[in-house]
Each structure stands twice: as structure tokens, then as C-alpha cells.
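Chain by chain, the residues:
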Amino acid sequence: MTQTADVVIIGSGIVGSSVAYHLAQAGCTNVLVIEREAHQGKGSTGKSMGGVRVQFSTPVNIQMSRYSIDFFSRFDDVVGHPADYRAHGYLFCATSESHLAYLQANRERQIALGVNNVEWVSPEEIQAIVPQLRTDDILGGTFCPTDGFVDPHSVMMGFMLNARERGARLWLDTQVTGIEVENDQIEGVLTTRGRVATRVVVNAAGAWAAGVARMAGADLPVEPLRRQLVPTEPFDQLPKRFPMVIDMSTGFHFRREGKGILLAWNDPAETPGFKTEFDSTFVEKILTHAASRVPVLAEAGVNPRRAWAGLYEMTPDHHAIIGPAPNVKGLYFVNGFSGHGVMHSPASGRIAAELILQGHSDLIDAGQLSVERFAQGKLLEETAIL
Ligand SMILES: Cc1cc2nc3c(=O)[nH]c(=O)nc-3n(C[C@H](O)[C@H](O)[C@H](O)COP(=O)(O)OP(=O)(O)OC[C@H]3O[C@@H](n4cnc5c(N)ncnc54)[C@H](O)[C@@H]3O)c2cc1C
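> How should the overall build of the protein be read in this particular structure?
Of the regular secondary structure elements, the protein holds nine helices and 20 strands. Within the span of the protein, comprising 386 residues, buried residues form 56% of the whole. Contacts spanning at least 24 positions in sequence make up 75% of the contacts within the protein whose residues lie at least 6 apart. Looking at the protein as shown, the accessible area adds up to about 15500 Å², and 50% of this sits on carbon and sulfur atoms. Here the protein carries 33 positive and 42 negative side-chain charges, and the mean point of each set is 4 Å from the other.

> Just to check I follow, could you spell out helix α5 (residues 152-165) for this structure?
Taking 1.5 Å of rise per residue, 14 residues should cover 20 Å, and α5 covers 20 Å from first to last C-alpha, within 8% of that figure. Those residues of α5 that fall on the buried side of the exposure criterion are Pro-152, Val-155, Met-156, Gly-158, Phe-159, Met-160, Asn-162 and Ala-163. Elements that come into contact with the buried residues of α5 comprise α1 (14-25), β3 (31-34), α2 (59-79), β9 (169-171) and α8 (345-358). Among the residues trailing α5, Gly-167 stands out with phi positive, at a value near 120°.

> Would you explain the nonpolar core in this entry?
Nonpolar side chains tend toward joint burial in soluble globular proteins. Grouped together as the largest cluster of nonpolar side chains are 56 residues, with contacts concentrated most on Val-7, Ile-9, Leu-23 and Ile-322. Listed by contribution, the elements that provide at least two residues to this core are β2 (7-10), α1, β3, α2, α5, β20 (331-335) and α8. If you tally residues by element for this core, the top one is α2, at nine residues. The contacts of Ile-9, once residues within four sequence positions are left out, are Gly-16, Val-19, Ala-20, Leu-23, Val-31, Leu-32, Val-33, Ile-34, Val-202 and Ala-204. Ranked by size, the runner-up nonpolar core spans 28 residues in total, among them Leu-263, Ala-290, Val-294 and Leu-297.

> Would you take a moment to explain the pairing of strand β11 (residues 185-191) for this structure?
In regular strands, side chains alternate between the two faces of the sheet. Judged by how many residues are buried, β11 sits mostly within the fold: five of seven residues are covered. Judged from the six bridges that link them, strand β10 (residues 176-182) and β11 form a sheet pairing that is antiparallel. If you follow Glu-182 over to β11, its bridge partner there is Gln-185. Between β10 and β11, which pair antiparallel in sequence order, lie two residues; one of them, Asn-183, sits at a positive phi of approximately 50°. For β11 and strand β12 (residues 194-197), the ladder comprises four bridges, and the chain directions are antiparallel. Each residue of the ladder has a partner; that of Val-189, found in β12, is Val-196.

> Can you help me understand the sheet that holds strand β18 (residues 308-314) in this one?
The strands that make up a sheet pair up through hydrogen bonds in the backbone, lying either parallel or antiparallel. With mixed pairing, the eight strands of this open sheet are ordered in space as β6-β7-β5-β15-β16-β17-β14-β18. The two strands at the open ends of the sheet, each matched to only one other strand, are β6 (119-121) and β18. In this sheet, adjacent strand axes meet at a mean angle of 25° when their direction is disregarded. As paired strands, β6 and strand β7 (residues 140-144) are joined by three bridges and run antiparallel to one another. Paired with Val-121 across the strands is Gly-141, a residue of β7. Strands in contact with helix α3 (residues 97-112) are β5 (90-94), β6 and β7; relative to β6, the strand with the most contacts, it is inclined by about 160°. Packed on one face of the sheet, helix α7 (residues 281-293) meets β14 (223-231), β15 (244-247) and β17 (260-264) and runs near 110° to β17.

> I would appreciate a short explanation of the site of the ligand in the present structure.
The local shell around the ligand holds 36 residues, among which Glu-35, Thr-45, Gly-51, Glu-313 and Met-343 are the closest. Thr-45 is positioned such that a nitrogen or oxygen atom in its side chain is 2.5 Å from an oxygen atom of the ligand. Between the ligand and the protein, one listed contact pairs an oxygen atom with a backbone N or O atom of Val-342 at 3.1 Å. If the ligand stood free it would expose 1000 Å²; the protein chains cover 98% of that surface. When residues of the shell around the ligand are traced back to their parent elements, those giving at least two are α1, β14 and β18. When residues of the shell around the ligand are assigned to their parent elements, the largest contribution, four residues, is made by β18.

> Would you mind showing me how to read α8 here?
The α-helix advances 3.6 residues per turn, and as a result positions three or four apart in sequence lie on the same side. Relative to the 20 Å expected for 14 residues at 1.5 Å per residue, α8 spans 19 Å between its end C-alpha atoms, a close match to the ideal helical length. Along α8, eleven of the 14 residues are buried, which leaves the element largely enclosed by surrounding structure. Those residues of α8 that fall on the buried side of the exposure criterion are Ser-345, Pro-346, Ala-347, Ser-348, Gly-349, Ile-351, Ala-352, Ala-353, Glu-354, Leu-355 and Ile-356. One or two residues past the end of α8 sits Gly-359, with phi positive at roughly 85°.

> Looking at this structure, how should I read the environment of Tyr-21?
Residue placement: Tyr-21 occurs in helix α1. Spatially, the C-alpha atom of Tyr-21 lies 7.6 Å from that of Gly-349, the residues being 328 residues apart in sequence. Beyond its immediate chain neighbours, meaning those up to four positions away, Tyr-21 contacts Phe-71, Val-78, Val-79, Phe-159, Asn-162 and Ala-163.

What counts as what
Residues numbered from 1 in each chain as written. Predicted model: local features only at pLDDT ≥ 70, side-chain atom pairs only at ≥ 80, totals over all residues. Heavy atoms only, no water. Helix = DSSP H or I, 4+ residues; strand = E, 2+ residues; numbered from the N terminus. Buried < 20%, exposed > 50% of the residue type's maximum accessible area, 1.4 Å probe, protein only. Contact = heavy atoms within 4.5 Å. Areas by Shrake-Rupley, 256 points an atom, 1.4 Å probe, with all protein chains shown as cover. Lys, Arg positive; Asp, Glu negative; His and termini not counted. Charge placed at Lys NZ, Arg CZ, Asp CG, Glu CD. Expected span 1.5 Å × (residues − 1). Core = buried A, V, L, I, M, F, W, Y, C linked by side-chain atoms within 4.5 Å. Pairing = 2+ DSSP bridges. Axes fitted to C-alpha atoms, helices over the stretch in contact; angles between N-to-C directions. Near = heavy atom within 4 Å. Polar contact = N/O pair within 3.5 Å; in protein donor to acceptor, adjacent residues only side chain to side chain.

Following this line, the structure appears as C-alpha cells:
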């Protein structure tokens, strides 16, 4: 028997869950979320570092972060489930005049958008925050105390549980295998559990989104790019609490994760593809950057079997694509977060729900995130990519 839904969301990661939550909040509860895995969080959401920051360079990313971080700070009360938001801050460390000019320009943009708590910090202040840092080449930096971390799995579950409490449905272990389009209008989706009749489909398929868009005959410039994280064994030679620290000279960044330290670095040699195996040669590369900036980290134990890899969902300008597909009525994209899908999940869920229900977003000018920007040459360039 054909099922029906007002909205079908493909993918139950943090983004699909947020869209379901925001639709249900607005009274649209005949929503069906379809997930091919047996559990939520098996895509990028479960691999994320959980970092949230307002320290971006483009207005749209700053606006989305500002809204989202405020949302995370109230998440437990508003959603009724924990987000584990920890306002430990993000500390950017500049080692060149061009880094300083870049942080200065970003800070001016942040202030213009009402973000007034990004502070300049001197090398001495940086040293005081993390005494083990080598600061001889650091010229200064910026620190925002409300940046920090959330638990992506908790946020995803919180959004979905709340949506389900309001009537949204979740089908696990069910793959979407086709999307029916008639006269340029969505009519239904085909799944391993049968057909679902619907006139609205939300593509929240993360790194797999381009394939899902193709099922409806739509083009979506989203590419998977492997990203690897390395946790250390318990390590007590760094403070118990400190911010996410970003070494701008290499892009190496790290934060505390329980008793150990979580190490991250964007390997420029990485090439696009669905690669989710951890490459053990990465350990030596990242430890070289780690020990160079934080010499005591040379003593940290690392078990490569505890390290992991996941996929960023990259767009050509490293900004999300949110909005209707131009040639398929009823198909909406919420994709291409380029590594920021956790931190921007509250804003993106709200924007997507508003576009579906009222045709425009009250939060931002959503036109700038439309997929049409690529054909129109209106790319948004974000340079603060971690
Ligand atoms: C190592 C790493 C570190 C990261 N660190 C951060 C960070 O610090 N801060 C931050 O904000 N972001 C970070 N990110 C990015 C963030 O994790 C992603 O942007 C975010 O999780 C995307 O969420 P999503 O719901 O769109 O995708 P996903 O979580 O990947 O969910 C998509 C879902 O769609 C399902 N699906 C796909 N195709 C189908 C189909 N045909 N039928 C049914 N289901 C389907 C998949 O199974 C999957 O569950 C990181 C990512 C990685 C890999």
C-alpha cells in the first residue's frame, strides 16, 4: 500500500533531523524521515569533531553561526533534550601579518553583524590560556568565549525525538532508491519499503546528496572529501579545559576530548571520493604538526585503531546549498555544508522549513545559498575553513 507524507526527508543525520524538528515546530507534522542505516548518525554526523564557532569570514556563515550557537545555548530547554554545549571558546593563533589582517577583517565583519565578543589576544595571553603552546612565532590571535563544542549525536537525537513526539515518523533501515517526477513536479519516492506519495522531498543525504539529486534529474555540486581525526590516549600534560586552538600556520587544531586530546588537520593531499577508511600514514603527518606547535604532544600516545575518518560534503565555494531545486518543483536541498553541518544545523533546519512552508526565510536572505549561484557566478568565498 502506498504511504503518503506531506514532506519526505532523505537522511536522518543532524541536518535531516533539524529540518524535521523545525517543520514539526511550525505545525507540519505529516513528515517522514527515511534513513538507509539501521541507526541514526552513521554518516558524517557521527564522525564530527563537534566544533561550533562564530569566527567565520562571510556574513552568511557568521549569521548562521550566531543564530545556531545561541540556539545551542538554549537547546536543552527548547528541545527538551541535551546538546552538551560547552562554551570553551575557539582560539585562532596568527603567525604572519596576513593572518592578523585576515582576523582583523573578520572581526570587523563579525562586529558589524552584532557579534561583540571576539577578543584580540596577545602572544602572552595565548600562552596563559595554553602554557604548553610554542608561541615564539605567534603574533597574536582572536578568542571567542561562546564558541566551543556540542555533542553532535545528542543534538541529532534531540531534534529527532522532539519531532517524533510531535508526530513526525522515522523509517530506519530503508533506502531511497528513486524519486518520481512528473511534469517537473515531485510525486513520490521509491524505497526498499515501498512507494511513498509526496509532493515535497528534502535532500538531507550529506556527502551522498549529489546521487540523491540525480534520482530526480537534478544537478547538485556536492563532493565527498575525506577528513581524519586522531585522538590521543589519556594525556594530562595539557590543561583540563582549554579552547579549540587553531595554528594558522598549518591549519592544525586540537581540543580536549575526555581525558585525551583530539587532533585535527586538513591534509591538502586529500582528493575527493567516498573514502571512509582511516589511513594510518596520517598519524605521523599530524603528529609532526602537533609536536611542532605543542612540543609536549610528542609524548602523547596514539592508537591508530581509535582514529577515524569521515566525509566532508564540499561545494565549490565551501558554503551550504539551501533552497529549492530550480527545475524540479517540490525538491529542496539542504546540503554541502563543507564541514560545518553540525554547527549550522539549527539555522539550516529553520531556513529549510521556512522555505518549504512560506517560500522565504525570516532568518537570512536565503537566495544567496541557492544552487543557482554557481550557474550565475555568484559564489561565496569562505576562507576560514577547518
Ligand atoms: C571528521 C569530521 C569532523 C567534522 N567536524 C565538524 C565540526 O567540528 N563542526 C561542524 O559543524 N561540522 C563538522 N563536520 C561536518 C559535519 O559532520 C557534517 O557537515 C554534518 O554531519 C552533515 O550532516 P548531514 O545530516 O547533512 O549528513 P550525514 O550525517 O552524513 O547524514 C546523511 C544521512 O543520509 C543517509 N542517506 C544517504 N543516502 C540515502 C538514501 N539514498 N536513502 C536513505 N538514506 C540515505 C545516510 O545514511 C546518512 O545517515 C565534520 C565532519 C567530519 C567527517
